[in-house]
Amino acid sequence: MTTPDLEALRRDVMMSMQGAARLHLAYIGITNGLFENLAKAGQSTAAELAAASGVDVGYTVRWCDAAYAFELLDEASPGAFRLTALGDAFRPSKGGTLMPFAVGAVLGAHMSERASGLMRSGERPGEKVLEERETILPWFGPMLEAQFGPFFDSQILPNVPAYRDVDARGGVAVDLGCGNGWYLRRLAKRFEHLRGVGLDGFEANVTGARERAKADGLADRVDVRVGDLHHFSIEEPVDLIAMNRALHHVWDEKENVFRILAEHLAPHGWAVIWEPVWPKDRAALRVPAQRPVAFQNLAEHIQGNHFLHPDEIAAELDKAGFEPNVHLFAEGREAVVTGQKRR
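A quick note: this is a predicted structure, and the numbers were derived from the prediction, not measured.

Within the protein chain, the secondary structure is distributed over 13 helices and 10 strands. For 343 residues, the compact-globule estimate of 2.2 N^0.38 gives 20 Å, and the C-alpha radius of gyration of the protein chain, at 22 Å, lies within 12% of that figure. Each principal axis of the C-alpha distribution contributes one length, and for the protein chain these read about 70 × 55 × 35 Å. The buried share of the protein chain, taken over its 343 residues, is 47%. A separation threshold of at least 6 residues defines the contact pool for the protein chain, and within that pool the share at least 24 residues apart is 65%. When the accessible area of the protein chain is evaluated, it comes to approximately 17,100 Å², of which 54% is carbon and sulfur surface. For the protein chain, the distance from the average site of its 37 positive side-chain charges to the average site of its 47 negative ones is 2 Å.

Below is the structure:
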């Protein structure tokens, strides 16, 4: 490699490093309410912002300087700051918020550090890695909602017949691993006769999901409980069981999983499984829009998982007594595989 080529690579990598630093600074602003409080005030000194956010003033001074350097803040007047358009776009309450990119960047850094250390031993510690950093888990559900909620509303809900069928029955939909409940809340808003039950293994997620359902006026139709695939019981027939980006977490026991789905579903009930598509052709991973799934698949390995191709899911549904159908979205990068119980 010639020296000019190496210098060009160095410049590219330095720009990538600065991009990562900007996302890390945005994460600090998101998780501590700095962006939202600065938006409310219009402009603030670091001390005023620290007081409004309930955080340490020393850290806030340094964060403001760094956020200014990376163009998340402007100086409104000597010693006072205001949000730039970029900083404002990271507010979690902003429509189309950039928040998922910042949360994803910090989660990715955490997973990278864990993968680096675990490579020697081969240990795969499982889902508990999400709890190892206290600021990450509370933002995991909101990250997914902001990232996938609008896509779910505009692309998936209108084009997957299972939802309309369950709504027509006035039926019950169960979301396994519901997180903050965003999937069921959006489903209930769209289909007013459908009722939802969410199950999640993290108590903090259950509490947050109940609060959000109540705030949205859906507490009478969306019930969230502590539970998981192996430990749940619903007193009435279940018409739909959803697994959203969750099946790959239990794929190593797939025969048991699909047996449980079949046993809990009413006659002609639906399994609705949403998964990112793992391509059959490795070359597809080089497509920029597909690269994140390649990195995330490494993070999934830490948790004992790996991503799937929709044909694998459809085949297992068929074996378990379902009539499978594959719905592809986002130019084939996202799949919703449905299966209607044959009996």
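The next subject is the sheet that holds strand 1 (residues 44–45). Strand order in the open sheet formed by 3 strands is 1-3-2, and the pairing between neighbours is antiparallel. The open sheet terminates on both sides in strands that have one partner only, identified here as strand 1 and strand 2 (73–77). Pairing of strand 1 with strand 3 (residues 80–83) involves 2 bridges; the strand directions are antiparallel. What sits directly across from Ser44, in strand 3, is Phe81. On top of the sheet, helix 4 (residues 57–69) reaches strand 2 and strand 3; it is set at about 110 degrees to strand 2, its chief contact.

Burial within strand 5 (residues 195–200) is extensive, with 5 of its 6 residues counted as buried. Since strand 4 (residues 172–176) and strand 5 lie parallel, the crossover through helix 9 (residues 182–190) that links them has a hand, and here it is right-handed. Bridge count for strand 5 against strand 6 (residues 222–226) is 5 bridges, and the pairing is parallel. Across the sheet, Leu199 pairs through a bridge with Arg225, a residue of strand 6. Crossover connection from strand 5 via helix 10 (residues 203–215) to parallel strand 6: handedness right-handed.

Across the sheet, which stays open at both edges, the 7 strands sit in the order 6-5-4-7-8-10-9 with mixed pairing between neighbours. Lying at the two open borders of the sheet, with one neighbouring strand each, are strand 6 and strand 9 (322–329). Neighbour-to-neighbour, the strand axes of this sheet turn through a mean angle of 20 degrees, independent of strand direction. Of the strand pairs in this sheet, strand 7 (residues 238–244) and strand 8 (residues 265–276) are connected by 6 bridges, and their pairing is parallel. Within the sheet, the bridge partner assigned to Met243 lies in strand 8 and is Ile273.

Attention now goes to the packing of aromatic side chains. The relative placement of two aromatic rings is captured by the distance of their centres and the angle of their planes. By the definition in use, this model includes 14 aromatic pairs. Considering the side-chain rings of Phe152 and Trp274, the 5.9 Å spacing of their centres and the 15 degrees angle between planes classify their relative orientation as stacked. You can see Phe152 sitting in helix 7 (residues 137–156) and its partner Trp274 sitting in strand 8, a full 122 residues away along the chain. Taken individually, Phe152 and Trp274 each receive the classification buried, so the pair is uniform in this respect. Grouped by ring-pair contacts, the aromatic residues Phe148, Phe151, Phe152, Tyr163, Trp182, Tyr183, Phe191, Trp274 and Phe329 constitute a single cluster.

With that out of the way, let us pick up the side chain of His248. You can see His248 is positioned in the loop between strand 7 and helix 11 (254–264). Engagement of the side chain of His248 in a polar contact is seen with the side chain of Glu275, the distance being 2.8 Å. Of the polar contacts made by the side chain of His248, one reaches the side chain of Glu300; its length is 3.1 Å. Every residue in contact with His248, bar those within four places of it in the chain, is listed here: Glu275, Glu300, Asn305, His306, Phe307 and Leu308.

The rules behind the values
- Residues numbered from 1 in each chain as written.
- Predicted model: local features only at pLDDT ≥ 70, side-chain atom pairs only at ≥ 80, totals over all residues.
- Heavy atoms only, no water.
- Helix = DSSP H or I, 4+ residues; strand = E, 2+ residues; numbered from the N terminus.
- Rg over C-alpha atoms; globule rule 2.2 N^0.38 Å.
- Buried < 20%, exposed > 50% of the residue type's maximum accessible area, 1.4 Å probe, protein only.
- Contact = heavy atoms within 4.5 Å.
- Areas by Shrake-Rupley, 256 points an atom, 1.4 Å probe, with all protein chains shown as cover.
- Lys, Arg positive; Asp, Glu negative; His and termini not counted.
- Charge placed at Lys NZ, Arg CZ, Asp CG, Glu CD.
- Pairing = 2+ DSSP bridges.
- Axes fitted to C-alpha atoms, helices over the stretch in contact; angles between N-to-C directions.
- Right-handed = clockwise from strand over helix to strand, strands pointing away.
- Phe/Tyr/Trp six-rings, centres within 6.5 Å; stacked < 30°, edge-to-face > 60°.
- Polar contact = N/O pair within 3.5 Å; in protein donor to acceptor, adjacent residues only side chain to side chain.

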